[in-house]
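# Observations on chain architecture
Each chain is listed here by its residues.
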Amino acid sequence: MEVLSALNLGDFAQVFSKMGMFPVFDVAYYIVSIIYLKYEPGSVEVSRRSPVASWLCAMLYCFGSYILADIMLGSSPIDYFQHNSHILLASAVWYLIFYCPLNLFYKCVVFLPVKLVLVALKEVVRTRKIAAGVHHAFHAYHHGFFIMVIVGYVKGSGVALISNFEQLLRGVWRPETNEILNMSFPTKASLYGAILFTLQETHYLPVSKSTLILVFTLFMATSKIVMTARHSHGSPFALIESWVCHLLFGSPLGGSEEDHHAPAAPSSPLKTKEELSDGARKRKAKKAE
Amino acid sequence: MEVLSALNLGDFAQVFSKMGMFPVFDVAYYIVSIIYLKYEPGSVEVSRRSPVASWLCAMLYCFGSYILADIMLGSSPIDYFQHNSHILLASAVWYLIFYCPLNLFYKCVVFLPVKLVLVALKEVVRTRKIAAGVHHAFHAYHHGFFIMVIVGYVKGSGVALISNFEQLLRGVWRPETNEILNMSFPTKASLYGAILFTLQETHYLPVSKSTLILVFTLFMATSKIVMTARHSHGSPFALIESWVCHLLFGSPLGGSEEDHHAPAAPSSPLKTKEELSDGARKRKAKKAE
Amino acid sequence: MEVLSALNLGDFAQVFSKMGMFPVFDVAYYIVSIIYLKYEPGSVEVSRRSPVASWLCAMLYCFGSYILADIMLGSSPIDYFQHNSHILLASAVWYLIFYCPLNLFYKCVVFLPVKLVLVALKEVVRTRKIAAGVHHAFHAYHHGFFIMVIVGYVKGSGVALISNFEQLLRGVWRPETNEILNMSFPTKASLYGAILFTLQETHYLPVSKSTLILVFTLFMATSKIVMTARHSHGSPFALIESWVCHLLFGSPLGGSEEDHHAPAAPSSPLKTKEELSDGARKRKAKKAE
């Protein structure tokens, strides 16, 4: 920590962790989330046939983390929908991405340099959400370590955790996989992040929250930028995880990468969401238009 | 409004909007709802094999709107079940419709003139529910326009919105469609109604609530009577919707009627609930007995 | 009741109904529940591939009744997760059953004499849960008879009622059946128990609660021990139910045993969970390892 203070990074972390997210960061979050919705096969047809279903899916993509966290803490699941400006902003982004003439807006935001910036901004929001989720749960349950981790986790992962039901809204049903069975990198990172923030909140981790936010944001942003730039879905945790899982749970060595190809119990010939690279998904989305 | 007051319609609207719903209107609501449950293929077998599942489905059909609205506002989903008299009444209707000797009760209530009256009474209840839902949400969230619309909407649509899960209770699973993807007339009308009542509640629509209730009830009752009498599922909104959707969302012209036949993304050869006319459903229900 | 007091059974019932459940009885409950999870085909593979999914399933098996009851009463579904010691204990049991070297722990607890004791202890916990659920609901809704029965029922049945969604977490989807359509003995007994405890709580049943707890526990424990020892899934209620259902609901005579083999409406060639005897499930679980 002394190195940090010498570099005056403590002050910077403080300022960074107090910075308002609305509207710049939030808009980036909405754009990246709804781009991912547009990548989903069939989502463009749904937006033509049933704008209400498409709008609902977009709202789940943008606010799924709030909905899930509110459910977990026993509040109204649509509590966040009282923030009209956020909903209107997300709706505008949804409209621009799906219905902009000549697909202009979409083409701008998926232009790689723009997208990399947006992806980085999204991770800033994600980290804040995890920290806020853990803090919120801490106020409701002072000793509920598991509750803190769960709420932080759902705040970070958002719609991914309920993707089966989000797909159902679009008439798609893939029961053979889900985000818990095959965790993607952001979901895993949210879990680890939630554990770290819980340890910080309960003073088992001797770091200030602002520093943790800064460090975790940098890690997440860097990872996601690299992964987006390389169209990769490999996780930086793969090696450690593979060994830890082998030791603790007797998982076969080779890591989570190979897991998908193992003859899973009730698997289907369908490819999982994770196996479709960003590139492939983009091509599909383009063809569908 | 002056015309209305000259005709003394304002007073009438006032009286109409204060009229108690229990028990006459509520019974009509229960009867029509459970008739629709009996139309569902397989529901008669379920009533023989597992009365508990059949009863639960009937309760979802009768009280789905309360359950959904309670969930949306973060209350206990079974809060409405404290009204023992309502539950007992609905259970009696369920018993009579499914188990009455010689199927006598069912034959009486599906006799067209009787059914038309019941259908009209049901729409009276539906309109009141939408108004009550919006009002309830307004008290919880004074500026939550979206929340008001959502709560009014689920109060009006009821079980239709969770029909996938209601079917699952009967062992049926049709993931390729749902009520949001293919909205039926009552669901659409509930959405528009919820928007109107929200505008009224927030004083953007300069009408008294009692007048709006009267007008909307008349519209709904007339539409449903005509549709039931003609065994039709066409919507009076079809033309306007088709143009608005074409302009705003680039939907192909031709309206929602043709939508069902369009080669939908992940469709199946199964007919959707909407495509089965009332007549066909009745015939199926008869054969199943 | 005089006979009971003469035998001093009233005092014994009093003591029995005040006895603490933590940790001995709770551990038995966790062990038996997680053994049933391990019997499920595919669950061992899931524990290797995705320990998080396996842990979540185990938590649903152990605490599903609390989660469901909290949902029903509008509380936070993860409210019970504030009891860290219970969660840690259940997690330890899960770890030992799935990952213990040489499968030693599992082999010990499924050794029949041990298992019979554990099964009996589990029923003690189940009865207490039903009574506590009814009591809890009674405090929230003094005249909500239906709510009391529902909450007592979900407290007694636990994960069985949401088994479709628990399976989905493991990538398995069997929509053609569910615990409401084909009730197993514990689910049925929980329903009847919830009705009895509701009648007791509202003073329609002139018995003391401690006596009812004692009698119901003895009935449940005896039934489950006999059924486990004989690898049977027949229900002691079969004969009465078959006649009552025949008279009230026109169900074909022959009872619930034959029901499964009747050509059910939307059935599939898959065997239901109930038709797999304990023995068959054990064999499958062994092969999977």
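Quick note: structure is the one above.
Residues numbered from 1 in each chain as written. Chains lettered and ligands numbered in written order. Predicted model: local features only at pLDDT ≥ 70, side-chain atom pairs only at ≥ 80, totals over all residues. Heavy atoms only, no water.

### A short note on the pattern of salt bridges
Definition in use: By convention in these notes, a salt bridge is any Lys or Arg side-chain nitrogen within 4 Å of a carboxyl oxygen on Asp or Glu. Put simply, DSSP marks the helices as runs of H or I at least four residues long and the strands as runs of E at least two long, and each gets a number from the N terminus on. When a residue's accessible area, from a 1.4 Å probe over protein chains only, is under 20% of the maximum for its type it is buried; when over 50% it is exposed; and in between it is partly exposed.
In this structure the tally under the stated criterion is 18 salt bridges over all chains. Here Glu123 of chain A makes a salt bridge to Arg126 of chain A, at a shortest N to O gap of 2.8 Å. Of the two residues, Glu123 of chain A and Arg126 of chain A are both situated in helix α8 (residues 112–140); the distance of 3 residues between them amounts to about one turn of the helix. Arg126 of chain A carries the same exposure label as Glu123 of chain A, and that label is buried. Salt-bridge contacts for Glu40 of chain C lead to Arg170 of chain C; the nearest nitrogen and oxygen are separated by 3.4 Å. With a gap of 130 residues between them, Glu40 of chain C in the loop between α3 (24–39) and α4 (43–49) and Arg170 of chain C in the loop between α10 (163–169) and α11 (185–201) connect regions that are remote in the sequence. This pair shows no difference in class: Glu40 of chain C is buried, exactly as Arg170 of chain C is. Among the charged side chains, a network of salt bridges with common partners joins Glu40, Glu166, Arg170 and Arg174 of chain A.

### Some thoughts on the interface of chain A and chain B
Counted only if it meets this: Whether two residues are in contact is decided by their heavy atoms: any pair within 4.5 Å suffices. The term buried area means the drop in 1.4 Å probe accessible area that two parts suffer when joined, counted for both and summed. For this analysis, a polar contact is any N or O atom pair within 3.5 Å, provided that within protein one partner can donate a hydrogen and the other can accept it, and provided that sequence-adjacent residues contribute only side-chain to side-chain pairs. Charged residues are taken to be Asp, Glu, Lys and Arg, nonpolar residues to be Ala, Val, Leu, Ile, Met, Phe, Trp, Tyr, Cys and Pro, and polar residues to be all remaining types, Gly included.
Facing 33 residues of chain A, the contacting portion of chain B comprises 32 residues. Here chain A packs against chain B, burying approximately 2,700 Å² in sum over the two surfaces, 69% of which is carbon and sulfur. Counting the surface chain A buries against chain B, the share from its top three residues, Arg49, Ile78 and Leu168 of chain A, is 25%. Our count for the contact surface shared by chain A and chain B stands at 0 salt bridges. Inspection of the region where chain A meets chain B yields 8 residue pairs in polar contact (both at pLDDT 80 or more). Among the elements of the structure, α4 (43–49), α5 (51–72), α6 (84–99) and α10 (163–169) of chain A are those that each provide at least two residues to the side of chain A that touches chain B. When residues of the side of chain A that touches chain B are assigned to their parent elements, the largest contribution, 6 residues, is made by α6 of chain A. Here the side of chain A that touches chain B is built from residues that sort into 19 nonpolar, 9 polar and 5 charged.

### Description of the side chain of Lys188 of chain A
All names here are of chain A. By secondary structure assignment, the location of Lys188 is in helix α11 (residues 185–201). For Lys188, a relative accessible area of 12% gives the class buried. A polar contact is formed between the side chain of Lys188 and the side chain of Glu241, at a distance of 3.0 Å.

### A few points about the relation of the copies chain C and chain B
The condition that has to hold: Superposition of the copies used a least-squares fit over C-alpha atoms from residues whose pLDDT is at least 70 in both.
By a simple turn and slide, chain C fits onto chain B: the slide is 0.0 Å along the axis, the RMSD is 0.0 Å, and the turn is 120°. What the superposition gives is, in effect, a three-fold axis relating one chain to the other. Among all residues of chain C, the minimum C-alpha distance to the rotation axis is found for Gly74 of chain C, at 3.8 Å. Comparing interface residues between copies, only 9% of those in chain C also lie at the interface in chain B; the contact surfaces differ.

### With respect to the packing of aromatic side chains
Counted only if it meets this: Stacked, edge-to-face and tilted labels apply to pairs of Phe, Tyr and Trp rings (six-membered ring for Trp) whose centres lie within 6.5 Å, assigned for plane angles under 30 degrees, over 60, and everything in between, in that order. Whether a charge lies above a ring is judged from NZ of Lys or CZ of Arg, which has to be within 6 Å of the ring centre and within 35 degrees of the ring normal.
Per the stated rule, a full pass over the model turns up 72 aromatic pairs over all chains. Aromatic pair Trp94 of chain A and Tyr95 of chain A: ring centres 6.4 Å apart, planes at 70°, arrangement edge-to-face. You can call Trp94 of chain A buried: its relative accessible area is 7%. Lys38 of chain B extends its terminal NZ or CZ atom over the ring of Tyr106 of chain B, reaching a point 4.3 Å from the ring centre.

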